[in-house]
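Reading the structure
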Amino acid sequence: MDVQSVRGFVGTKLSFADASPDVGLRKSEAMDPEALIHLVSASGLRGRGGAGFPTGMKWKFARAEVRSPKYIICNADEGEPGTFKDRLILTDFADLVFAGMAIAGRAVGAEKGILYLRGEYEWLHAHLEGVLARRRNDGLLGAAVLGNRNFAFDIEIRIGAGAYICGEETALIESLEGKRGEARNRVPFPVQSGYLGLPTVVNNVETFAWVPCVVEKGAEWFSAMGTRKSPGARLFSVSGACDKAGIYEYPFGTPLRRLLKEVGGEDAKAVQVGGASGVCVPAAQFDRTLAFEDLATGGSIIVFGPQQDMFAVAENFQHFFAEESCGQCAPCRFGNVRLHEAILRMREEGLDADTEASLRSLAATMQAASKCGLGQSAPNAFLSILDNFAGELPRPRT
Ligand SMILES: Cc1cc2nc3c(=O)[nH]c(=O)nc-3n(C[C@H](O)[C@H](O)[C@H](O)COP(=O)(O)O)c2cc1C
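Here's what I pulled together on the structure shown here. These numbers were taken from a predicted model, which means no experiment stands behind them.

What counts, and at which threshold
- Residues numbered from 1 in each chain as written.
- Predicted model: local features only at pLDDT ≥ 70, side-chain atom pairs only at ≥ 80, totals over all residues.
- Pairing = 2+ DSSP bridges.
- Helix = DSSP H or I, 4+ residues; strand = E, 2+ residues; numbered from the N terminus.
- Axes fitted to C-alpha atoms, helices over the stretch in contact; angles between N-to-C directions.
- Contact = placed C-beta atoms within 7 Å.
- Right-handed = clockwise from strand over helix to strand, strands pointing away.
- Core = buried A, V, L, I, M, F, W, Y, C linked by C-beta atoms within 7 Å.
- Buried ≥ 20, exposed ≤ 12 C-beta atoms within 10 Å, placed from the backbone.
- Near = placed C-beta within 6 Å.
- Nonpolar A, V, L, I, M, F, W, Y, C, P; charged D, E, K, R; others polar.

**A word on the sheet that holds strand β1 (residues 71–76)**
The sheet built from 4 strands is open, its strands ordered β3-β2-β1-β4 with parallel pairing. Edge positions in the sheet fall to β3 (154–159) and β4 (200–204), since each of these pairs with one other strand and no more. Mean inter-strand twist for the sheet, computed between neighbouring axes without regard to direction, equals 20°. Running at roughly 150° to β1, helix α5 (residues 94–108) makes contact with β1, β2 (112–117), β3 and β4 of the sheet. Where helix α8 (residues 205–217) meets the sheet, it contacts β1 and β4, and its direction lies at approximately 95° from that of β4.

Shown next, in the form of C-alpha cells:
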C-alpha cells in the first residue's frame, strides 16, 4: 500500500512539522542523563496514550532501577476506536519517534528499543524499516549513536496481531514475549519488571514524538502551551458527523466547542471523547475543555450528528468490549456481555428503575473490580449515554 495514500486530512499546522528530530537528539547526547530527565519533567510532558502519566517521572523510575538490560517500548498499537493520529505520526514524522526513543534510552540507560506496531498497520512496516536503515546509516542509531561509544541504541519493529487488549502496556509486553495478550498485575510496574522481567519504559508514539521537540526548543516552549495540569499541545483524531474529519493539533484546555467549529461539526448532538473507553459529551457540555483535568482523551473525537440514535452508539461500543475482553477476569468477561444484552433489550422495551439500578451497580463493579483499564473503562460510554440520553429510550411497559 502507498503509505501517503492513507495519510488523511490534516486540519491544523502541526508543531512536529517545525521540529528537527536530530537537533534534539544531538542536544540530548551532550547532556547528562539526569539533566535530560529533569528537562522532560520540567516541560510537564504527560503520556499521550490515554492515562497521562508524567513522562519524566516514568523515566526517573526506570533510571533508578539497577538491573539491566533495560528496554524502551513504543506503543504503536493504536487500537482505540476513532484514533488514527499515531498512524499519521508514523507516516510523516517517524524520525521524531525514533529520535525520542533514543533520547529515552540515553535518559534511562537502555540500549534496546522495540516498536510494537498495530497488526493492521503492517503496510507501514517497510516504510518504518526504511527510516531505521537510513538512521543507522547516518549514525543516529547503532553501537555508537552520534559517534559516542557510551551511547548505544537500536530499535526493532515487532507486529501485533490485532487485539485491542494488546495496547494495554502489560498485555503488550506479554504479547512481545510470545504469550497471550493478557494484562499483568501492577506492582511490579513495567519500569521495575517489564519485558523479560527487566526494567521497561512504555510510551505512546506521540509521547516519543514530542520528546525531541522539547529537548530542541526547551521546557518553557512546551509548557507555555496548554494548562497548568496539562502542559503542551496534542493531536486529535476527529471523525464522524463533521465536514472536515482528520488530524488536528490543539493546546490542552481548548474548548470542545472550538474544535467542533473548526471541523465543521457545530450541529453535533454529542461527541464521544476518548474513543469507546471515553465519555459521551452532550451538546449542553460543549464548553468543557480538552485536558486531563476535564475531558481526558487519548486523542479520539467522534462527532455524532442530530439524527444519531445514541443507544445504537452504546450498543456498538458495548459489543466491541464484549468481543475484545481478554476474558481473564470475571467483571470484564461477564459484565460486557451482560451490558450489551441489556442495551439490546432496553432499546426494545425501555428501562425500568430496578433494572437501571442493577445495571448501574454492575457497571460500578466493572469499574472497581476489573483487572485492567479495558474492563474499568468499558462502561463509561454506556453510563454517560444513560445519564444524558435516557429520554430516547421507549417507555417501559408497566
Ligand atoms: C485496553 C487498553 C488499550 C490501550 N491501548 C493503547 C494504545 O493503543 N496505545 C497507547 O499508547 N496506549 C494504550 N493504552 C495505554 C497503555 O497501557 C499505556 O498507558 C501507554 O502506552 C503508556 O504510554 P504514555 O505514558 O506515553 O501514554 C491502552 C490501555 C488500555 C487499558
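**Overview of the pairing of β3**
Both β2 and β3 contribute to a ladder of 6 bridges, which runs parallel. Within β3, the residue paired with L117 across the bridge is I159. Note that the unit made of β2, helix α6 (residues 125–137) and β3 has a crossover that is right-handed.

**Comments concerning the nonpolar core**
It is characteristic of soluble globular proteins that their nonpolar side chains tend to be buried jointly. Residues V97, A104, V271 and V303 are the most contacted members of the largest nonpolar core, which totals 119 residues. Here this core gets 11 residues from one element, more than from any other, and that element is α5. Excluding residues within four positions of it along the chain, A104 makes contact with W59, I72, V201, N203, F208 and V211.

**Considerations on the pairing of strand β6 (residues 246–251)**
Of the pairings in the sheet, the one linking strand β5 (residues 233–240) to β6 comprises 6 bridges and is antiparallel in character. For V238, the partnering residue across the bridge sits in β6 and is G246. The turn linking β5 back onto β6 is made up of 5 residues.

**A closer look at the site of the ligand**
Around the ligand, 23 residues are found, and the nearest of them are G47, G49, G167, N204 and G373. Looking at the shell around the ligand, the elements that each hand over two or more residues are β4 and α14 (373–377). Top element by residues in the shell around the ligand is β4. It accounts for 3 residues. Taken together, the residues that form the shell around the ligand break down as 7 nonpolar, 10 polar and 6 charged.

**Quick look at the sheet that holds strand β9 (residues 279–282)**
Strands sit in the order β6-β5-β11-β8-β9 across an open sheet of 5 strands; the sheet is mixed. Two strands close off the open sheet at either side, each with one partner strand: β6 and β9. Each strand axis lies, on average, 30° off the axis of its neighbour in the sheet, ignoring direction. Both strand β8 (residues 270–273) and strand β11 (residues 300–304) contribute to a ladder of 4 bridges, which runs antiparallel. Paired with Q272 across the strands is I302, a residue of β11.

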